[in-house]
Amino acid sequence: MKNFILAMLLFIPMSMFADVETHETFNNNFGFVGTKGTRTIYIKGNLERVDEATEMTGKFAMMMSQGKTKRKSIQITDLGKKLIYSIDPDKSVYSKIDIKDIEMTDSTYDMDSLKDNFEYEIKDMKESKVINGFSAKHYIATMRIIGDDKTDTLKIIDDMWVSKNVPEWKTINNYNRLLKTSFSKNSKGKGLKYMKDFYKKIAEIEGYPVKSDISMFTSASDDNKEDNSQGMQSLMGGQGDGNKSENGMRMFHSLTEVKSINKKSLNSNLFKLKSEWKEIGN
């Protein structure tokens, strides 16, 4: 029955779904590889294009960029052809990836994932507010990986605001469903089941996240907490949160905010390669 339903989804006329154009801002901090910028996402049936304008903010990344701290990129995904194109518009070059060559999970992690305990919780914060014109509800999703000493070795927290009044969010969900179907055929083994369960639970929240604040934390025992903190501060280029957070040391932080989502009639040429773009090896 499941395979029958998935097959039927592929035959749903794409004309039933309007095209969508989304504008977002993002700010990612992993210490030395911090980035911020803007993102425009175009969806037309089983086609997606993502345009990003990125600025490097991490100290190490800025040093390695040799003065070029800003860059543009384009990614076009064609689920009909099972291809992903990564484009550097400044250099007029692109690389091509066949979706069937991408493995979603590495089964070698299966046995390791069984050695730890995992817990996750999706909490409705029972509050609402308007974000960039979207009426949204507040949820906090938390996943904990618990070590042998019964303390959190890793914690992921997604503080999100989800809206139901997003134009054509069903179009976005339909594309994501087709994308997941394309990649699921490449999965090997059970993979990291706890992660799948966690995000499956998040997906049950009806609506579209118009603001998502994701953080990853690690913790250490009292005996080596200070040494680990200093070492991690050095690794993070001095931008880690150290022991200041009650959740532990923040290793990664990503803030994404939707500025606008609009129904559009997108030209198919937007999802095609330009003649001046030359293919290079992956």
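Our subject is the structure listed above.
If you're wondering where the values come from, they're calculated on a predicted model, not measured in any experiment.

Draft legend 1. Geometry of the packing of aromatic side chains. All told, the structure shown has four aromatic pairs when counted by the stated rule. For the ring pair Phe 30 and Phe 252, a centre distance of 6.5 Å and an interplane angle of 50° mean the geometry is tilted. One end of the pair, Phe 30, is in the loop between strand E1 (19–29) and strand E2 (35–44); the other, Phe 252, is in strand E11 (residues 249–264), with 222 residues separating them in the sequence. Relative accessible area serves as the criterion here: at 30%, Phe 30 is assigned to the partly exposed category. Look at Phe 252 and you get partly exposed, because its relative accessible area is 27%. Ring centres 6.0 Å apart and planes at 70° place the aromatic pair Tyr 85 and Tyr 94 in the edge-to-face group. Look at Tyr 85 and you get buried, because its relative accessible area is 10%. The exposure class assigned to Tyr 94 is buried, which follows from its relative accessible area of 11%. Put simply, the rings of Tyr 120, Phe 198 and Tyr 199 touch in pairs and so form one group of aromatic residues.

Draft legend 2. Representation of the environment of Pro 209 within the structure. Residue position: Pro 209 is located in strand E10 (residues 208–218). For the pair Pro 209 and Trp 161, spaced 48 residues apart in sequence, the C-alpha separation works out to 5.6 Å. Beyond its immediate chain neighbours, meaning those up to four positions away, Pro 209 contacts Trp 161, Val 162 and Val 258.

Draft legend 3. Broad picture of the nonpolar core. Counting residues in each nonpolar core, the largest one holds 21 residues, and the members touching the most others are Phe 134, Val 166, Tyr 208, Val 210, Val 258 and Ile 261. Taken together, the elements giving at least two residues each to this core come down to E2, strand E8 (134–146), helix H4 (169–184), E10 and E11. The greatest single-element share of this core, amounting to five residues, is contributed by H4. Apart from the residues within four sequence positions on either side, Tyr 208 is in contact with Glu 24, Trp 161, Val 162, Ser 163, Val 166, Trp 169, Ile 172, Val 258 and Ile 261.

Draft legend 4. Expanded view of the pairing of E8. For strand E7 (residues 117–131) and E8, the ladder comprises 12 bridges, and the chain directions are antiparallel. The residue of E8 that forms the bridge with Ser 128 is Lys 137. If you look at the hairpin formed by E7 and E8, you'll find two residues sitting between the two strands, and Asn 132 has a positive phi there, around 50°.

Draft legend 5. Summary view of the pattern of salt bridges. Counted under the stated rule, the structure contains 12 salt bridges. Among the ionic pairs, Arg 39 bridges to Glu 52, the shortest N-O distance being 2.7 Å. On the criterion of sequence distance, the pair formed by Arg 39 in strand E2 and Glu 52 in strand E3 (residues 47–56) is long-range, its members being 13 residues apart. In this structure Glu 52 comes out as partly exposed when scored by relative accessible area, which is 22%. One salt bridge in this structure joins Glu 206 and Lys 164, with 3.8 Å as the shortest N-O distance. Within this pair, whereas Glu 206 is found in the loop between helix H5 (193–203) and E10, its partner Lys 164 is found in the loop between strand E9 (152–163) and H4, the two being separated by 42 residues in sequence. Look at Lys 164 and you get exposed, because its relative accessible area is 54%. One continuous salt-bridge network, built from bridges that share partners, spans Glu 24, Arg 39 and Glu 52.

Draft legend 6. Quick look at unusual backbone geometry. Positioned with a positive phi, Lys 82 is a non-glycine residue whose angle comes to about 60°. Tracing the chain through its elements places Lys 82 in the loop between strand E4 (70–78) and strand E5 (83–88). Residue Lys 82 is classed as partly exposed on the basis of its relative accessible area of 33%. Even without glycine at this site, Asn 132 takes up a positive phi of about 50°. Mapped onto the secondary structure, Asn 132 falls in the loop between E7 and E8. Exposure remark for Asn 132: the relative accessible area of 36% places this residue in the partly exposed category.

Draft legend 7. Region of interest: the side chain of Asp 88. Among the structural elements, Asp 88 can be located in strand E5. Although buried, Asp 88 forms no salt bridge, and the nearest oppositely charged side chain, Lys 91, lies 4.4 Å from it. For Asp 88, the residues in contact, after removing those within four places along its chain, are Lys 72 and Val 93.

Draft legend 8. View of the environment of Ala 53. As for its placement among the helices and strands, Ala 53 is situated in strand E3. Exposure remark for Ala 53: the relative accessible area of 31% places this residue in the partly exposed category. Separated by 18 residues in the primary sequence, Ala 53 and Arg 71 place their C-alpha atoms 6.0 Å from one another.

Calculation notes
- Residues numbered from 1 in each chain as written.
- Predicted model: local features only at pLDDT ≥ 70, side-chain atom pairs only at ≥ 80, totals over all residues.
- Heavy atoms only, no water.
- Phe/Tyr/Trp six-rings, centres within 6.5 Å; stacked < 30°, edge-to-face > 60°.
- Helix = DSSP H or I, 4+ residues; strand = E, 2+ residues; numbered from the N terminus.
- Buried < 20%, exposed > 50% of the residue type's maximum accessible area, 1.4 Å probe, protein only.
- Contact = heavy atoms within 4.5 Å.
- Core = buried A, V, L, I, M, F, W, Y, C linked by side-chain atoms within 4.5 Å.
- Pairing = 2+ DSSP bridges.
- Salt bridge = Lys/Arg side-chain N within 4 Å of Asp/Glu carboxyl O.
- Lys, Arg positive; Asp, Glu negative; His and termini not counted.

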